[in-house]
2 protein chains.
Amino acid sequence: MHEFDALARLTDELGVSDDCAAVGTPDEANLLLTTDMLHETTDFPDGVTPYTVGWRSAAISLSDVAGSGGRAVAVVAAYGAPEFDDGLNGFVRGASEVCESVGAEYVGGDLDAHDERTVVSSALGATNGVVNRSGARVGDAVAVTGALGRTAVALRAFENGDAERGNGLFAFPPRVPEGVALSPYATAMTDISDGVAVGAHNIADASGVGIALDGALPLVDGAREDDVYVGEDYELLFTLPREAVDEAREAVGETGITVVGEVVEDGVRLDGEPLRRRGYEH
Amino acid sequence: MHEFDALARLTDELGVSDDCAAVGTPDEANLLLTTDMLHETTDFPDGVTPYTVGWRSAAISLSDVAGSGGRAVAVVAAYGAPEFDDGLNGFVRGASEVCESVGAEYVGGDLDAHDERTVVSSALGATNGVVNRSGARVGDAVAVTGALGRTAVALRAFENGDAERGNGLFAFPPRVPEGVALSPYATAMTDISDGVAVGAHNIADASGVGIALDGALPLVDGAREDDVYVGEDYELLFTLPREAVDEAREAVGETGITVVGEVVEDGVRLDGEPLRRRGYEH
């Protein structure tokens, strides 16, 4: 991976111009690994900046770490493009800054000459207690962090030519601190990368339970009710014992959590109606 | 990363259908991270099988871990393709088997609908002593593992319609055990992913020394002298004190090492002639 040099130099991080990036081994008992591919046609709307692509690419992997309740340690990226121009510089800056925002290190990556701009970020996390999707128990509350519909609103902004707003919304904050704060309380958790319906189905399937949502899902400014199915919200959907809700809310702080339903015996429903597995499937 | 499910299911590894794959934290002091992108146009000759693509993709990242002297722990892959047919199955099987061959776990990944088949593997390694490119000292011996020219010979086999031979050569053994065995002796090391000339220049530049190679580079059956510049050989190029050569050879065992030169004050030369930085640059 000689391109480490180029990517590392851009980040002013010396000492990583080797075959691998090296980081100190975390103290936690478990490591978390995740990887995500994005590419121009599907994932980069007209008007998106390289900085936003770098931020979002790393943030999506960091969001997976958050969904498992882990601390973020390091990110590497593979960057394929027809040419390595200023776009690469912006990409690395965006990726580095989102890593820094959650206490992780951006440690370099690989460059590849590719007809279609394609980026893959891989994140390393650490935790003493992995939160899986499989631990939801009947009677648990179902809750989300923050508010939903952010990507849908961003896509409309890009479509309407308001690239500044689109970029601002696209560069979302990965909920890593929130995931860490929730990990002592959450019985099951996932990031809502494919919409709230898919997230609810995933937890229900993995836990062998049902989930009953009520209609009062928290929405970002400008979002419509249907926007929660667009996916790529990157908030956390989690279950926890009712009696832990207040403590969890306090632990999460400013971002906030909203109870949106409860874990039931079977079925995934919204306001009593069956909620199909509706959302973004790559 | 809901596609973890699909990739994990194919590998019959249960329990990883979550946002991240979780692995136990290694005992070693340092973790190694590396990522590599391959895509159809450049990296997959006509006749290459999905199994070979999976093997080679993971092997390239494992080779980076080897180049840093690390033990291989886990690999994730991102797989982009127009459709997810049997090719994905073969890919996962190849990636899993090369991981298994060096004691690492293939723990899943991401799927992406992509016009051009594009794969990115990311490997996690662990070591108590990272071997960088920067530690070569004047007077050290320069050596390689195995024999060079393998990928050049493979490419000719594919061109000549001998896909069986091409695939066999393309699915190379990552030199992870050899890298671990060499790590107590090597003062600098890299995998020869871009050809021996580039590798020598990288070590010389990083170490602030020169490298004098002699012409007796070990070649695989069917290789020509020029094939050592094609790159993607994935053998290890390393420097070590002269007096450690015998012990290092014994530690590496069957794969063998060949002394191919020595570390000098400056310049990179082959048989006394300047050797330009000639090889495969992505």
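About the thresholds
- Residues numbered from 1 in each chain as written.
- Chains lettered and ligands numbered in written order.
- Predicted model: local features only at pLDDT ≥ 70, side-chain atom pairs only at ≥ 80, totals over all residues.
- Heavy atoms only, no water.
- Salt bridge = Lys/Arg side-chain N within 4 Å of Asp/Glu carboxyl O.
- Helix = DSSP H or I, 4+ residues; strand = E, 2+ residues; numbered from the N terminus.
- Buried < 20%, exposed > 50% of the residue type's maximum accessible area, 1.4 Å probe, protein only.
- Pairing = 2+ DSSP bridges.
- Contact = heavy atoms within 4.5 Å.
- Axes fitted to C-alpha atoms, helices over the stretch in contact; angles between N-to-C directions.
- Domains from an automatic or database assignment.
- Buried area = accessible area lost by both parts, 1.4 Å probe.
- Least-squares fit on C-alpha atoms with pLDDT ≥ 70 in both.
- UniProt positions renumbered as here; feature names shortened; annotations may be inferred.
- Polar contact = N/O pair within 3.5 Å; in protein donor to acceptor, adjacent residues only side chain to side chain.

Notes on the pattern of salt bridges
Residue and element names in this part refer to chain A.
- Taken as a whole and assessed by the stated rule, the structure comprises 18 salt bridges over all chains.
- In this structure, the salt-bridge partner of arginine 156 is aspartate 227, at a minimum N-O distance of 2.7 Å. One end of the pair, arginine 156, is in helix 5 (residues 150–159); the other, aspartate 227, is in the loop between strand 8 (210–213) and strand 9 (236–240), and 71 residues separate them in sequence. The residues arginine 156 and aspartate 227 share a single accessibility class, namely buried.
- Three or more residues are tied together by salt bridges with common partners; here these are Arg175, Glu178 and Glu235.

Remarks on unusual backbone geometry
All names here are of chain B.
- Notably, tyrosine 234 is not glycine yet its phi reads approximately 60 degrees, a positive angle.
- A positive phi angle is found at aspartate 271, which is not glycine, with a value near 50 degrees.
- Within the element layout of this structure, aspartate 271 appears in the loop between strand 11 (268–270) and strand 12 (273–274).

Quick word on the pairing of strand 2 (residues 30–39) of chain B
- Within strand 2 of chain B, nine of the 10 residues are buried, which leaves the element mostly enclosed by the surrounding structure.
- As paired elements, strand 1 (residues 21–24) of chain A and strand 2 of chain B share four bridges and run antiparallel to each other. Across the sheet, residue A:Ala21 finds its bridge partner in strand 2 of chain B, namely B:Leu33.
- Relative to strand 5 (residues 118–127) of chain B, strand 2 of chain B runs antiparallel, the two sharing 10 bridges.

Quick look at the sheet that holds strand 12 of chain B
Residue and element names in this part refer to chain B.
- Pairing is mixed across the open sheet formed by seven strands, whose spatial order is 7-9-6-10-8-11-12. The open sheet has two edge strands with one neighbour each: strand 7 (188–191) and strand 12.
- With five bridges joining them, strand 6 (residues 141–145) and strand 10 (residues 257–264) adopt antiparallel strand pairing. By the bridge assignment for strand 10, valine 142 is matched with glycine 261.
- Sheet strands in contact with helix 8 (residues 196–207) are strand 7, strand 8 (210–213), strand 9 (236–240) and strand 11, and its direction is about 150 degrees off that of strand 8.
- Docked against the sheet, helix 9 (residues 245–252) engages strand 6, strand 9 and strand 10, running at close to 145 degrees with respect to strand 10.

With respect to the domain arrangement of chain A
Residue and element names in this part refer to chain A.
- Its domain assignment divides chain A into domain 1 (4–127) and domain 2 (141–274).
- Computed from C-alpha atoms alone, the centre-to-centre distance between domain 1 and domain 2 is 24 Å.
- Summed over the three residues of domain 1 that lose the most area to domain 2, namely Arg56, Ser63 and Ala66, the buried surface amounts to 30% of that side.
- Our count for the domain 1 to domain 2 interface comes out at one salt bridge.
- Residue arginine 56 pairs with glutamate 232 through a salt bridge whose shortest N-O separation is 2.9 Å.

A closer look at the relation of the copies chain B and chain A
- Between the two copies, chain B and chain A, the superposition gives an RMSD of 0.0 Å; the rotation angle is 180 degrees and the shift along the axis is 0.0 Å. Both chain copies can therefore be described as sitting about a two-fold axis.
- With an isologous cut-off of 70% or more, the 100% of interface residues of chain B that recur at the interface of chain A puts this contact in the isologous class.

Quick look at the UniProt feature "binding site: Mg(2+) 2" (unreviewed entry) in chain A
Residue and element names in this part refer to chain A.
- The feature "binding site: Mg(2+) 2" (unreviewed entry), as annotated in UniProt, sits at Asp36 and Asp64 in this numbering. These annotated residues cover 29 residues of sequence, but their C-alpha atoms sit close together, with the largest distance between any two at 9.3 Å.
- Relative to the helices and strands, aspartate 36 is located in strand 2 (residues 30–39).
- Polar contacts involving the side chain of aspartate 36 include one to the side chain of serine 61, which spans 2.9 Å.
- On the secondary structure map, aspartate 64 appears in helix 3 (residues 50–67).

Structural notes on helix 5 of chain A
Residues and elements named next belong to chain A.
- Counting buried positions over the 10 residues of helix 5 gives eight, a clear majority of the element.
- Taken together, the buried positions of helix 5 are occupied by Arg150, Thr151, Ala152, Val153, Ala154, Arg156, Ala157 and Phe158.
- Buried residues along helix 5 sit against helix 3 and helix 6 (163–170).
- A positive phi of about 80 degrees marks glycine 161, the residue just after helix 5.

Looking at the interface of chain B and chain A
- The interface is formed by 62 residues belonging to chain B together with 62 residues belonging to chain A.
- Together chain B and chain A conceal approximately 4,800 Å² of surface at their shared face, both sides included; 52% is due to carbon and sulfur atoms.
- In this assembly, chain B and chain A are joined by two salt bridges.
- Taking the shortest distance from any N to any O, the salt bridge between B:Arg133 and A:Asp19 comes out at 2.7 Å.

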